[in-house]
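# Observations on the three-dimensional arrangement
These are the residues of each chain, in order.
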Amino acid sequence: MAKGHLLVAACVISPFLVAQAQAQNPNSAAQQRTAPPVMLEEVIVTATRRTENLQEVPMSISAFTEDFFLDTGVDQLADLDQYTPNLNITSSTDSRSTSIRIRGIGSVGTNSGIDPSVGLFIDGVYQGRSGMSITDLVDIQRVEVLRGPQGTLYGKNTSAGAISIVTNKPAVDFESFLEAGYDSNEKFELRGMVNLPLGDDGNALRLTGFTVDGDHLYDNTHTGKGVNDSSKWGARGHLLFTLGESGDTDFGDLLISADYTSEDSECCAFTAIEYDGLSLLNSPSTNTPSAEWQARLGDNALGQPILAYTAFEDSADMAPPPADPFGDDRWQDVAPSNEVEIGGISIDWSGELAWEDAFTLLTAYRHYTSDSAFDGDFTAYNAVVASTEVELDQYSAEFRITSPGAETIDYQVGLYAYYSEFDSLGNFAQTDELVQNIRIFGDFTLDTLFPDGTVNVDDNLYTTTSYAAFGQASWNISDEFVATLGLRYTYERKEREGSQLTTPESIIDLPPVAGPDTFYDDSRSDSDVSPSFNLRYFVNPDVMLYGLVSRGFKSGGFDQRRVTQGSDGEFDEEIATNYELGWKTTWLNRQVVFNGTFFFVDYEDFQSQTFDGTTLRVTNAGNLESYGAEIEAMYVPNSEFTLGTAIGYNETEYESFDNGQCTVEQAFTQYYIDEGAQTGAPSTLGSCVQDLAGQPLANAPEWTFSSFVQYDRPLGDELATLVRLEHNYIDGHFLEEDLDPHLKNDS
């Protein structure tokens, strides 16, 4: 999609900006004569676990500073995909189902058994689920988006990349801010921060809070109530102690952090692209196009329709409204719910050893719960209700030693440990009205076995234990050449205890909705070596060229949902190998920044979640490859104007995937035409797969493009005008892994 934004703001500005405005006072000729030349500020990042200038980091990375968030008003992580090449962040029926994809690769959070492919880190602490990203971006120092596998320094579940959120830490001076906003959607937002020095020794306390309360965005025309509102709040505290020195050892700083975020919203009801369409269970919403298929196929030898179906518009005596994918109306009989709580505490101790190496010890505990429900058939027909409750407790610890830098050999080594318990409880209910419409064969419908419908409950406890040792060394061969080699060894064990129980009890196996009672007690172990190597060449202080090879790893696991009897739903680990050639350049005395990367990523045993008409199932898709380019540029012609652009090109396609899920039309054609079935439904008596080799991956747009022009001008000592014009474009892409043309998002 393409969209533009025009933002005009006049506000009271911070003392820092006040000082800047005074320095640019046109009435001061002396200041004009001595003013420094206009140039872009250096961006400092810690992507390599060292403090470095972005222009010297040999990887494809986008960094967003505190000024960016102030200028754009971005306060949610999901909004960053509008500004970042080849980043796609989407929500689904709830916050838990958030999907983060880099270069087309990512995992939907709807299935508790599969880990994310993009690692999310907040102040260095790994967040075990993508749904833990709902916290507000308030008082943020920067956000770094690292594209490509980051296995060496960031560890498991970074096979596609990593996102690092860094918050502002306590300062030695008093600081505070308070901001409020109200928009045309009747959403009220309040954010604030206060920084309190504690004595004269550098100790300080920094407190941050926010609240968001927004009215419903859409109307549910069936219930007469609103849906998709915003309601969340959160707080964060940093307590900094300066420990001082003893002998040759600097005991450094001890930072204790705690945070809590709560969300309770009626979200997220989807709009219908269209209500017409075939059903793999022969229980469609409308008669179109099932009636056409029925007439075309005719009757069988018993004089019965080969395609026997019952449409809900007939059984419920209620036709759906005209579908409007871009409208403000929803048509569902189940109100969505989305309750989330996230919190934790961390202790970050950093200092300097006697031989000048720095040490860091970071320990953390995180807690995450989500309780959500949604209309499983996405209509006002009383057919399917789905809900999921999850609770995650995770513990992590990392210890690093880092050399001071600027030596012939610069190095860092570390140890990492992670443990989590993830409890997941899912309910999938088919109503009596639905089972009356599902044809098994002929006139035999599912309500013969389940007159009151079915409820399948999946109850799983996933326990993960992971250990890693890692190291990286840079050889400064000369002032121009730097070679860096890194290595990480990871061991991970996953255990799953759980069950699949159907009410009423079923002796017939009908995954994922019903089947015999099944109990699980499974485990698997993975070990991986993730190397990385890069070579940097500084043509001059303003031009750096680099080549990079890196590897990422995502462990295997066990499907959350009911699978075919006799299978435990296990899937294997995913491995990604990345090759990059890139450049980082500045021009015109740092008035222009122009960075770019060409990449090729090869994935082995890619973990795919495919919608088969009734549920998402997890499978190893085989191999796929992703290749393309990322370009970012910024230009500041004078003190008032800034121009920028970010372009992503990405081709992601399967090298092999011979058991891909068919589209509904393909399944109908194979079942009724190719196989000549005379009764039944494609989902109950048939099986269809397609070979997706050479086909694109879903949710992987080929082109992403964003650009902006920003105008800043001080108005006196305490006011400023900011005008920002933005344009964002996302190319068309498929929404489901079966590449159904009806489920394609146009550009």
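## Some thoughts on the state of the cysteines
For the structure shown, the criterion picks out two disulfides. There is a disulfide in this structure between cysteine 267 and cysteine 268, and the S-S distance comes to 2.1 Å. Here cysteine 267 and cysteine 268 share a disulfide; its torsion about the S-S bond, 95 degrees, makes the bridge right-handed. Accessibility expressed as a relative area gives 13% for cysteine 268, which makes it buried. Put simply, cysteine 662 and cysteine 688 are joined by a disulfide, and their sulfur atoms are 2.0 Å apart. A torsion of -75 degrees about the S-S bond marks the disulfide between cysteine 662 and cysteine 688 as left-handed. Taken together, the residues cysteine 662 in the loop between β38 (660-661) and α8 (664-674) and cysteine 688 in the loop between α9 (682-685) and β39 (689-690) connect sequence positions 26 residues apart. Residue cysteine 688 is classed as buried on the basis of its relative accessible area of 11%. Cysteines bonded in the chain are numbered consecutively along the chain; their disulfide partners then correspond to 1-2, 3-4.

## Remarks on helix α5 (residues 290-297)
Taken residue by residue, α5 has Ser290, Trp293 and Leu297 as its buried positions. The buried residues of α5 occupy one face: seen down the axis, they fall within an arc of 60 degrees. Away from its buried face by more than 90 degrees, α5 exposes Glu292, Ala295 and Arg296. Summarising the contacts, the buried residues of α5 are in contact with α8. Taken from the residues just after α5, glycine 298 is the one with a positive phi, measuring 75 degrees.

## Quick word on the pairing of strand β16 (residues 230-242)
Here strand β13 (residues 204-214) pairs with β16 via 11 bridges, running antiparallel. Residue pairing across strands places leucine 207 opposite glycine 237, the latter belonging to β16. Note that β16 and strand β18 (residues 249-265) share 11 bridges and pair antiparallel. Note on β18: the bridge partner recorded for glycine 237 is alanine 258.

## Section: the confidence of the model for the chain
Here the chain averages 91 in pLDDT, and 94% of its residues register 70 or above. Low confidence marks residues 1-35, where pLDDT is under 50. Its contacts with residues over four positions away, or in another chain, come to 54 contacts.

## Examining the environment of valine 549
Tracing the backbone through its elements, the reader meets valine 549 in strand β29 (residues 543-554). With residues near it in sequence (within four places) discarded, valine 549 still touches Pro531, Ser532, Phe533, Asn578 and Tyr579.

## So, the packing of α5 against α8
It is the contact of α5 with α8, at a shortest axis distance of 12 Å, that shows an interaxial angle of 20 degrees. The orientation of α5 relative to α8 falls into the category roughly parallel. As α5 packs across α8, the resulting crossing turns out to be right-handed. Across the interface between the two elements, Trp293, Arg296 and Leu297 from α5 touch Phe668, Thr669, Tyr672 and Ile673 from α8. Per-class residue counts for the contact of α5 with α8 are five nonpolar, one polar and one charged.

## With respect to the pattern of salt bridges
Here the structure, examined in full by the defined rule, presents 29 salt bridges. When the shortest N-O distance is used, the salt bridge between lysine 169 and aspartate 123 registers 3.0 Å. In this pair, lysine 169 sits in the loop between β10 (161-167) and β11 (175-182) while aspartate 123 sits in the loop between β7 (118-122) and β8 (125-127), placing the two residues 46 residues apart along the sequence. By relative accessible area, which is 21% here, aspartate 123 ends up partly exposed.

About the thresholds
- Residues numbered from 1 in each chain as written.
- Predicted model: local features only at pLDDT ≥ 70, side-chain atom pairs only at ≥ 80, totals over all residues.
- Heavy atoms only, no water.
- Disulfide = S-S within 2.5 Å.
- Buried < 20%, exposed > 50% of the residue type's maximum accessible area, 1.4 Å probe, protein only.
- Helix = DSSP H or I, 4+ residues; strand = E, 2+ residues; numbered from the N terminus.
- Arc of directions from axis to C-beta.
- Contact = heavy atoms within 4.5 Å.
- Pairing = 2+ DSSP bridges.
- pLDDT = per-residue confidence, 0-100.
- Axes fitted to C-alpha atoms, helices over the stretch in contact; angles between N-to-C directions.
- Parallel < 35°, antiparallel > 145°, perpendicular 65-115°, else oblique.
- Left-handed = near helix turned anticlockwise from the far one by under 90°.
- Nonpolar A, V, L, I, M, F, W, Y, C, P; charged D, E, K, R; others polar.
- Salt bridge = Lys/Arg side-chain N within 4 Å of Asp/Glu carboxyl O.

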